[in-house]
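# Observations on the model geometry
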Amino acid sequence: MAEMWINMGPQHPATHGLWDLRIKVDGDMILDADPQIGYIHRGIEKLGENRNYTQFIPLADRTGYASPMTWAILYVLTVEELMDIKVPPRATYIRTIAFELQRMASHLLFVYGMAENVGAMWPPLVYAYRERELLLDLFQILTGARFHFNYPRIGGVKWDIPQTFEAQTKKALDVIESKLKEYERMFDESEIFLMRTKGVAVLRKEDAIRMGVTGPTLRACGVKEDLRKSEPYMCYSDFDFGIPTGKNGDLYDRWVVRIAEIRESAKIVRQALDRIPGGAVATKVPAAVVKSVTVLDGETGYEDLCVIMAKVPKVIKPPPGEAYVRVEDSRGESAMYIISDGTERPYRIKIRSPIFCTLSALKYMMRGARVADVPPIMEGIDILLSEVDR
Amino acid sequence: MSAEEVAGEMKKKFPEADVRIPRASRLTASVKKEVLLDVCSFLKDAGFDHLSSIAGVDRAENFEVAYFLWSYEKKILVTLKTAVQKENPRIQSVIKIWEGANWHEREAYDMFGIVFEGHPDLRRLLMPEDFVGHPLRKDFKLPEVE
């Protein structure tokens, strides 16, 4: 049969996001793949050059819409390295808790997507959303928002965790952990699911490393690499957790690794909640322009909030220099490179998105697969177009 | 091999390179673009198998291309920088050394107009094909500024 190129996208019924996957097929066998991206390029790097350091935090949220907390935390970590700011331990713990809850929420979104894309329509799909809802509720009481939290601050976090947070989190973790067993039963006993994922879209270890693939997709190939262990940031060195890996690097292993990671994240959150130290949640950031802040009197009840806000100056001017900071995001190694020229605006912000690199390796996974496997393969890397296009 | 040992070997092999260790397990090096490929091959052989990303930067007098490399085994992050002149910016592609450089180089071409020689498929990546100009250059005029 004649070979031909087919465009899949830019619209996708399963809402992977806007992107165009061109595949070369012979019959329904895929010979080559060439992803076209840029459909939702918003120029976040350029926007950042025209905003001050504080104003970029909401934009960092929007860099990865399925995982906003991790991106915002990455941004403040980078600016803190640039300015050499020491963050109070309580703030670091709160960030770690938020980071891991976000990872769990993001992986549950993956469970949803995977179920949808292999055709297991209603029950598992809605179940994953139901459990994710518990996490979004937690974010709501922590930050006031269910999405795009704008919660981390340069030098700390916006405010302390509310009183009910610990008990509610532990309750939610109990529910999620018990439901994970249910998912595993549901999928591992489904012959259709196994047929559609085992041995499909195999990525070899060497190809993955050569192409810069990171995160769960790399770990599914059997590489035990996680920045939380190999270059611990925040307070990950305080906790006991494992790095789940796969063997074959196929779709099934990517699924198994992510389900196991939800469990490990729950473990980290529990440990962090038990050990969280007291103290301030934001440090005083050296300010170029220190504005006087009137602290309201105690009767109004807004005093605490004002004290925290008073600690963060209105305009931040890091000294000239640069910082490259990497974190283990839900999808792999995400990094930001910020150059300061000593003014109130960043001179350059470069964002390294994990899915950007994974997507460039897609042709190695696609070769030999069938056209019907394309949706699960797309979902299998946990695609998120907002961070690819930026 | 620690960052100090890598730095020592680099200085021995490339005496002109400006090699520094800003803090533990970090290494930054500035090299001339003529020796870029040699330095990259040396680093690849030394175990830096993960190309984290490539960033173009518009400095006042020239463009800068920064390569971020990580060694899974040594756990050292290398920032390798090289300058490219603004008139007709051209530099060797590192795609033969790290295949993952493909999209990073296309992005730098798209955003800064830096041409990577030896790249098999140097097209725009994020901007539309018919877009005029390179948006991350500092002299790029934003529409509302005009």
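See the structure printed just above.
This report concerns the structure included in the present document. Computed from a predicted model, the values in this text were never measured in an experiment. (Residues numbered from 1 in each chain as written. Chains lettered and ligands numbered in written order. Predicted model: local features only at pLDDT ≥ 70, side-chain atom pairs only at ≥ 80, totals over all residues. Heavy atoms only, no water.)

## Side note on the overall build of chain A
Helices and strands together make up the secondary structure of chain A, namely 16 helices and 8 strands. Over its C-alpha trace chain A gives a radius of gyration of 22 Å, about what one expects of a compact globule, namely 21 Å for 390 residues. Within chain A, the fraction of its 390 residues that count as buried is 59%. Sequence separation of at least 24 residues holds for 72% of the intrachain contacts in chain A that already meet a minimum separation of 6. Roughly 14700 Å² of accessible area belongs to chain A as shown, and the carbon and sulfur atoms make up 54% of that amount. Averaged over its 51 positive side-chain charges, chain A has a centre that lies 2 Å from the centre of its 53 negative ones. (Helix = DSSP H or I, 4+ residues; strand = E, 2+ residues; numbered from the N terminus. Rg over C-alpha atoms; globule rule 2.2 N^0.38 Å. Buried < 20%, exposed > 50% of the residue type's maximum accessible area, 1.4 Å probe, protein only. Contact = heavy atoms within 4.5 Å. Areas by Shrake-Rupley, 256 points an atom, 1.4 Å probe, with all protein chains shown as cover. Lys, Arg positive; Asp, Glu negative; His and termini not counted. Charge placed at Lys NZ, Arg CZ, Asp CG, Glu CD.)

## Some thoughts on unusual backbone geometry
Its identity is not glycine, yet Ala 201 of chain A carries a phi of approximately 55 degrees, on the positive side. Relative to the helices and strands, Ala 201 of chain A is located in the loop between α7 (191–197) and α8 (205–210). On the basis of relative accessible area, Ala 201 of chain A is assigned to the buried category, the value being 5%. The phi dihedral of Lys 75 of chain B is positive, around 60 degrees, even though this residue is not glycine. Locating Lys 75 of chain B in the fold gives a position in the loop between β4 (62–70) and β5 (77–85). The exposure class of Lys 75 of chain B is partly exposed, given its relative accessible area of 31%.

## Considerations on the pattern of salt bridges
Two side chains of opposite charge can pair, provided their charged atoms sit close to one another. For the structure on display, the rule yields 51 salt bridges over all chains. Notably, a salt bridge pairs Glu 49 of chain A with Lys 138 of chain B, separated by 3.2 Å at the nearest N-O pair. Taken together, the residues span two chains, with Glu 49 of chain A in helix α1 (residues 44–49) and Lys 138 of chain B in the segment after β7 (115–117). Overall, the relative accessible area of 8% leaves Glu 49 of chain A in the buried class. For Lys 138 of chain B, a relative accessible area of 36% puts it in the partly exposed group. Here Arg 270 of chain A and Asp 174 of chain A are joined by a salt bridge, their closest N and O atoms 2.8 Å apart. (Salt bridge = Lys/Arg side-chain N within 4 Å of Asp/Glu carboxyl O.)

## Things to note about the packing of aromatic side chains
Given two aromatic rings, their pairing is described by the distance between the two centres and the angle made by the two planes. In the structure shown here, the tally under the stated rule is 19 aromatic pairs over all chains. Between the aromatic rings of Phe 56 of chain A and Tyr 75 of chain A, the centroid separation amounts to 4.8 Å while the plane-to-plane angle is 50 degrees, which identifies the pairing as tilted. With a gap of 19 residues between them, Phe 56 of chain A in helix α2 (residues 56–63) and Tyr 75 of chain A in helix α3 (residues 68–83) connect regions that are remote in the sequence. Look at Phe 56 of chain A and you get buried, because its relative accessible area is 0%. Ring pairing ties together the aromatic residues Phe 99, Tyr 233, Tyr 236 and Phe 241 of chain A, which thus form one cluster. Over the ring of Tyr 347 of chain A we find Lys 138 of chain B, and its NZ or CZ is 4.1 Å from the ring centre. (Phe/Tyr/Trp six-rings, centres within 6.5 Å; stacked < 30°, edge-to-face > 60°. Lys NZ or Arg CZ within 6 Å of the ring centre and 35° of its normal.)

## Section: the interface of chain B and chain A
Across the contact, 42 residues belong to chain B and 40 residues belong to chain A. Both faces combined, the contact of chain B with chain A buries some 3400 Å², and carbon together with sulfur accounts for 52% of it. Counting the contacts that link chain B with chain A gives 10 salt bridges. The partner of Glu 231 of chain A in a salt bridge is Arg 26 of chain B, and the shortest N-O contact between them spans 2.7 Å. There are 21 residue pairs in polar contact (both at pLDDT 80 or more) connecting chain B and chain A. Counting residues per element, the ones that place at least two in the side of chain B that touches chain A are β3 (50–58), β4, β5 and α3 (101–112) of chain B. Of the residues forming the side of chain B that touches chain A, the biggest block, 9 residues, is contributed by β3 of chain B. The residue inventory of the side of chain B that touches chain A, partitioned by class, reads 21 nonpolar, 8 polar and 13 charged. (Buried area = accessible area lost by both parts, 1.4 Å probe. Polar contact = N/O pair within 3.5 Å; in protein donor to acceptor, adjacent residues only side chain to side chain. Nonpolar A, V, L, I, M, F, W, Y, C, P; charged D, E, K, R; others polar.)

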